[in-house]
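# Coordinate analysis (summary)
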Amino acid sequence: MPVPRCSALERGLARTSRIRRSGAVLAGFQAQQRSYHFASPSYVSSFGEYPPVDVKSLRSNTVKYLEDFDSKAWFDDPVCTLIQGHAVNQGESCDTVDAFGKINGKQILATSEVVDRVLDHVQNLDLGRDFRAEIRRIDERLLSQHAAFLIGNQAMDFHKQDGVTEIEESIEANVVERKLNDLLLQDELAGRVRIQRQTALVGCVSNFSNFLDLCRKTLRNIELGIPVLVLSRSNTTQHMYRWVQLLLDEMKKEGLDTSLVSYVSCSIEEQRRIMSMMKASPLYLTGSREVAAAIKELMPYTFASTGGPNTMVAPKLDGDIEAATRMSSTIENSGQCTAMRHLVTDSMTKEDLKRIFQDVQVTDSSAESLRKGAFDGLFRQWAEGFQVKDGYEVLPSAPGGQPLAYRISRGLTPNGVEEHWRRVYLDVSTPTDTSVKDPKFLGDLSRWLTTEQPITLAVNGDDEGFPIMHQLFQSTAQAIYSVGREGKPALTAQARPQDGEIFGEFPPRLDMGKYTCGPVFVPSSTPSYMARYEKSFLEEAAKRAQSFGLADILGDVPVEMKGYAVLLAEYLKESCGAKHGFGNRTTLWGLQRPPLREVSTFLRVRAEDDLATVLLHLLPFILTNAKEGLVMSIATDCSARTKEALRTACQDVPCHEEDDGSFQQRCQSCEPWNVVVASSVASIEELPLVDHFVLRLLPMGHIKSACQNDKDFVAAFEKSPKWLKFTA
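Summarised in this report is the structure supplied together with it. (Residues numbered from 1 in each chain as written. Predicted model: local features only at pLDDT ≥ 70, side-chain atom pairs only at ≥ 80, totals over all residues. Heavy atoms only, no water.)

The next thing to look at is the nonpolar core. Grouped together as the largest cluster of nonpolar side chains are 140 residues, with contacts concentrated most on Phe38 and Leu618. If you tally residues by element for this core, the top one is helix H8 (residues 163-189), at 10 residues. Setting aside its immediate chain neighbours within four residues, Leu618 contacts Leu603, Leu630, Met632, Leu646, Ala649 and Cys650. (Core = buried A, V, L, I, M, F, W, Y, C linked by side-chain atoms within 4.5 Å. Buried < 20%, exposed > 50% of the residue type's maximum accessible area, 1.4 Å probe, protein only. Helix = DSSP H or I, 4+ residues; strand = E, 2+ residues; numbered from the N terminus. Contact = heavy atoms within 4.5 Å.)

Below you can see the structure in the form of structure tokens.
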């Protein structure tokens, strides 16, 4: 089904054309200078437009594609390196495997000489900066005329059971991210920002490749002139290669330079060599924390989305909540990033688990699931060879299905919960001699959630006034909070970014720098992650430093840093507070404070740290209610000037002068949510756009009720002290 071009795109192109003709900054644009920044007024206004999607046709066309597919195709046309749209076949031939380890095609691993050719090509590209019209025509064809091809390939390779929903949500969410890209380019044309266009590396994920990889990481980059290099995978690499082939064919039809998209098929060792040679480039990854950490060592501008043990809290289980538990645990054969991994309930036995999972669906193939419109069946073919990990027991599933592994703990399950991708594992935590509702137990659970950092936290069976969710919401920093209501329980597997259900897959904040350069949130403008402010724009902003009393705080810091501080303050002023969602669930979203504790964040200042950079890191706290919970730790050998400047800026903030040893002892005793060291930024060129800067220091996300127009929910959470509030 063709997707109609949105009128917002035409309006955006018209606006850009006017800017090109005038060559001048639009009068009065100051109020919108942060228009693509998270939670700003224009960011909010980018939601609410839903192109029609014919889900029934998508499903039936995909089933037909699967039925007609030639199983020899991926053998006869092997995965290989693609440079300027041409296949390069020099290298060693090997088999490719699907998600179950079954051989499904051939691949040619590039030689070192071919990889050198790739490097020579992608490191010297300057192709332009505006290909939106062409790419968006391609975008529409990919998700309509070619949707069955994309969904079907993913179903065969990853065995995804419901790729239709991904395409539907891609069509809708792309509208938002296109608008954000329009606004970013508009700012570049007006001389405010600079979009960095070194080739971006794309590390594909198996389960949401058509949205996250094809649309967010690839199309949104190349439409603003940022070339991409897509990396092959060691498994389930076929369907991503096929969408690169298709994209290049569509680019040729539009007369676009195919240098914008390259694909390298090579070994992990050669991929690491590529990364070591492209340290100035961004790499966009959705995957495990282990993989993210290994890549981040090589590429400092790694932007990684990582998983976590998604958790449901339900003091008592009724039939509806048991069904939600079963569905959340088995969705996509436990192959979705929001699949449930951890249940917290008052009591649980093996017999209870047998009852909960006795009706789990079993499927022979993704095609069968697509025909039925199901997405939580366990694959019959993967039942053999299930080897349960130490500490877990096995629960037989429905006849013919794969077993389920479980562990029931008195008290909280141990830290270090592994995901066990595509195998159903469930940890169950039951309080010792108390109830889930006990505030002390919830305090312990909050600390567990802070350490493990799930993507989602769902609470079902809460009492009137939502006391469980209130305590957990205020004392943790998950990206997704879901509240179930009687007869309508919340799943862990729910998030529609196009509805304002903003989310991200964040690692624990204390260790964030080990895995990613900064949080990746959806929806957002992918090119904005590497964009930087122009010097002239910062100098102009510095003239407003008297606002918010910044001139006194900043003193004689360099003018560019002063201008950045002004933009930071202006962004916070216009973007704080809870925002309302747009979909069929009741959603509140926005910037948040760190967990509400006496000590949540330490800002450590050392003698070698640049004072201006320290002050910038301090501003998001002292200008907002995030100041509550901030503690300053100043090294004893800092200069007298630094100590005096920080005392002036940090009124009412606890401040300690101490050596490194004393500071480490303080961290161990207080267990902060985050420790900020300002020296990670060396110059203004290292500072991202202000929303990305703030989100490296403070949390964000959404909380929703499973019910539509839930006024009690809004009354309970809209005024929560957890939302970031501008107080300057």
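The next thing to look at is the packing of aromatic side chains. Tallied over the full model, the rule gives 29 aromatic pairs. With a centroid separation of 5.0 Å and 80° between ring planes, the pair formed by Tyr392 and Tyr425 is classed as edge-to-face. Taken together, the residues Tyr392 in the loop between strand E14 (378-379) and strand E15 (393-395) and Tyr425 in strand E17 (residues 425-430) connect sequence positions 33 residues apart. Looking at Tyr392, the relative accessible area reads 11%, which means it is buried. (Phe/Tyr/Trp six-rings, centres within 6.5 Å; stacked < 30°, edge-to-face > 60°.)

Next up on the list: the sheet that holds strand E12 (residues 340-344). The 10 strands lie next to each other as E15-E16-E17-E12-E11-E18-E19-E29-E24-E23, forming an open sheet whose pairing is mixed. Edge positions in the sheet fall to E15 and strand E23 (579-580), since each has one partner strand and no second. Sheet analysis places E12 next to E17, joined by 3 bridges and oriented parallel. Following the sheet pairing, Val344 is matched in E17 by Ser429. (Pairing = 2+ DSSP bridges.)

Inspection of every chain in the model, using the stated rule, returns 0 disulfides. Here Cys667 is not disulfide-linked; the sulfur of Cys670 is the nearest cysteine sulfur, at 7.6 Å. Given the relative accessible area of 14%, Cys667 is considered buried. (Disulfide = S-S within 2.5 Å.)

Here we take up the pairing of strand E27 (residues 655-658). Regular strands show a simple pattern: their side chains alternate between the two faces of the sheet. With 4 bridges joining them, strand E26 (residues 630-635) and E27 adopt parallel strand pairing. By the bridge assignment, Ile634 is partnered in E27 with Glu657. The handedness of the E26 to E27 crossover, carried by helix H23 (residues 640-649), is right-handed. (Right-handed = clockwise from strand over helix to strand, strands pointing away.)

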